[in-house]
Amino acid sequence: MSSPTTAITGEILIGQRAVDNGQRTLNAVNPATGETLSPSFAQAGAAEVDEACALAWEAFDAYRETSLEDRARFLEAIGDQIMKLGQPLVDRAVAETALPAARIEGERARTVGQLRLFAQVVRAGEFLDVRVDPAMPDRQPLPRPDLRLRNIALGPVAVFGASNFPLAFSVAGGDTAAALAAGCPVVVKGHPAHPGTGELVGRAIQAAARECGMPDGVFSLLLGGIETGASLVRDERIKAVGFTGSRAGGLALVDAASKRREPIPVFAEMSSINPVFLFPAALAARAEDLGKAFVASLTMGSGQFCTNPGIVVALESPDLDRFLKAADAALSAHVPSAMLTPGIHGAYEKGVKALESAEGVKVCGRGGAGEGPNRGRAALFSTSISNFLEQESLQQEVFGSSSMVVRCKSVDDMRDIAEHIEGQLTVTLHLDEADYELARGLVPVLERKAGRILANGWPTGVEVAHAMVHGGPFPATSDSRFTSVGTLAIRRFLRPVSYQALPAQLLPEALRPENLKRVPRLEDGKRLLP
């Protein structure tokens, strides 16, 4: 197995080629020091977008019909090539994001683990959802024709890398892994905050594609600004979009996709404040421990997680005061690290200042200032339920280590908040057995509001697993039926096709009579395994 290069050239990756169009207008910046990093990176224009999309379309029919084993090996080979990049990948990601090396190493393991998990999904073949209703020529009053169904890939997918996960939600992240597993070529628009990290991973995917004999256009990596992304979404050869980022960015892509001659789905993960409900018995039993653990979750990664606990809902009580006192102490001891980009830091500071000056809002704790640029001081606020419900601005996400405690008078107030909030990625319940009856009436509301409901934990940290949902009603995502994490993510990039009375010679391989026993299937209403 050959190794990918660890040299960073700043070129655009289109299929197996590296392209320099002379438009080297982007440099990465180390957010911890303000240092400009080399090299300068070429930004893709209309010609490069067209070439990448044309190659992806040319590769589509061949790639979607690769054998399940070949496709699984390709996904595993990408993971192997990423690991072979070694320390240079970690070092570059640290320099471009100011995230600690241990975080990058953990994220690399998650990225490779996602690829290997999707390889297992592909080999198992269940995602094809094969169904067969055999012909019934003698059925009265009408015969039934032979019907066979499978899922096929949607087409080339545009993936937008995220700012806060330079590996796991980026060039070879979950969207790319799910799309490739489904049989879709991928054109990635890399995030401009970590272009060197993206190029290294892109070259690893190129190396895996060469090793596995994949079609040339199965993968491309473009850098560029808003117009590059818009051109990619508007290209008629792109059939779906995967995005993780701001609400404004996600809605702009949804709008562009909806105005095409052929509208396409945009699977956008956007905005969530991830409410935490503290029930009375749990708060009475462990208020101090909950306060400390809450701050640990709030400040993890400088609060730059989409599952950051942005509001806490609890009954006004001495126990809540104990929680706030413990949280204040933990915040005071917290020294912030640099945020991911100057832009993210600026938006955080603006959001915190708006909360500080909002009517009826009290500052309950602030973190340390830290040394160096782009340090966001953690902030904890509180307000009454009436004030929270009256001021819509208090319910908006502030991306970073900021959270709002909403003081309630009754459990009915807690339910009112649950009914009032927008769609969420997560909702957390802290409760003891004595709280179960109080929580019982809240759970049906939360099912309507969130993609994941968790008890006695914290929302930061998303397990990559078969039963995970990382999605939720708008504005958490643009389509609440799907997840961007876990094996169900493959469903975003598939659609069903039914074949009626086709001769066996014209059926796809998986549906031919001699091959049916090799895949899981629903045959005449009965679930059968290989």
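Conventions adopted
Residues numbered from 1 in each chain as written. Predicted model: local features only at pLDDT ≥ 70, side-chain atom pairs only at ≥ 80, totals over all residues. Heavy atoms only, no water. UniProt positions renumbered as here; feature names shortened; annotations may be inferred. Salt bridge = Lys/Arg side-chain N within 4 Å of Asp/Glu carboxyl O. Helix = DSSP H or I, 4+ residues; strand = E, 2+ residues; numbered from the N terminus. Buried < 20%, exposed > 50% of the residue type's maximum accessible area, 1.4 Å probe, protein only. Pairing = 2+ DSSP bridges. Axes fitted to C-alpha atoms, helices over the stretch in contact; angles between N-to-C directions. Contact = heavy atoms within 4.5 Å. Core = buried A, V, L, I, M, F, W, Y, C linked by side-chain atoms within 4.5 Å.

The name an unreviewed UniProt entry assigns to the protein chain is 2,5-dioxovalerate dehydrogenase, from the organism Bordetella genomosp. 8. Looking at the protein chain in UniProt, the text filed under Sequence similarities (unreviewed entry) is "Belongs to the aldehyde dehydrogenase family."

I tried to follow the pattern of salt bridges on my own but got confused; where do I start?
Between side chains of opposite charge, a pair can form when the charged atoms approach closely. Tallied over the entire structure, the rule returns 38 salt bridges. One salt bridge in this structure joins Arg 123 and Glu 69, with 2.8 Å as the shortest N-O distance. Taken together, the residues span a long stretch of sequence, with Arg 123 in helix 4 (residues 101-124) and Glu 69 in helix 2 (residues 68-84) at a distance of 54 residues. Here Glu 69 falls in the partly exposed class, since its relative accessible area comes to 30%. A salt bridge links Lys 259 to Asp 255, with the nearest nitrogen and oxygen atoms 3.1 Å apart. Overall, Lys 259 belongs to the exposed group, its relative accessible area being 64%. Via salt bridges that share partners, Glu 236, Lys 239, Arg 260, Arg 261 and Glu 262 belong to a single interconnected network.

Help me understand the sheet that holds strand 12 (residues 276-278), please; the structure alone is not making it clear to me.
Within the open sheet, the seven strands sit side by side as 14-15-16-13-12-17-18. Their pairing is mixed. One side of each edge strand has no neighbouring strand; the edge strands of this open sheet are strand 14 (362-366) and strand 18 (450-455). On average, adjacent strands in this sheet sit at an angle of 20° to one another, irrespective of strand direction. Contacting strand 14, strand 15 (379-384) and strand 16 (402-408), helix 11 (residues 342-356) crosses the sheet at an angle of about 35° to strand 15.

For this particular structure, what's the right way to read the nonpolar core?
Nonpolar side chains in soluble globular proteins tend to end up buried together. Within the largest apolar cluster, 99 residues are counted, with the highest numbers of intra-cluster contacts made by Phe 74, Ile 78, Ile 82, Phe 277 and Phe 493. Residues within four places of Ile 82 in sequence aside, it is in contact with Leu 89, Arg 108, Thr 111, Val 112, Leu 115, Ala 172, Val 201 and Ala 204. Listed in part, the 26 residues of the second largest apolar core include Cys 53, Val 241, Ala 257 and Ile 264.

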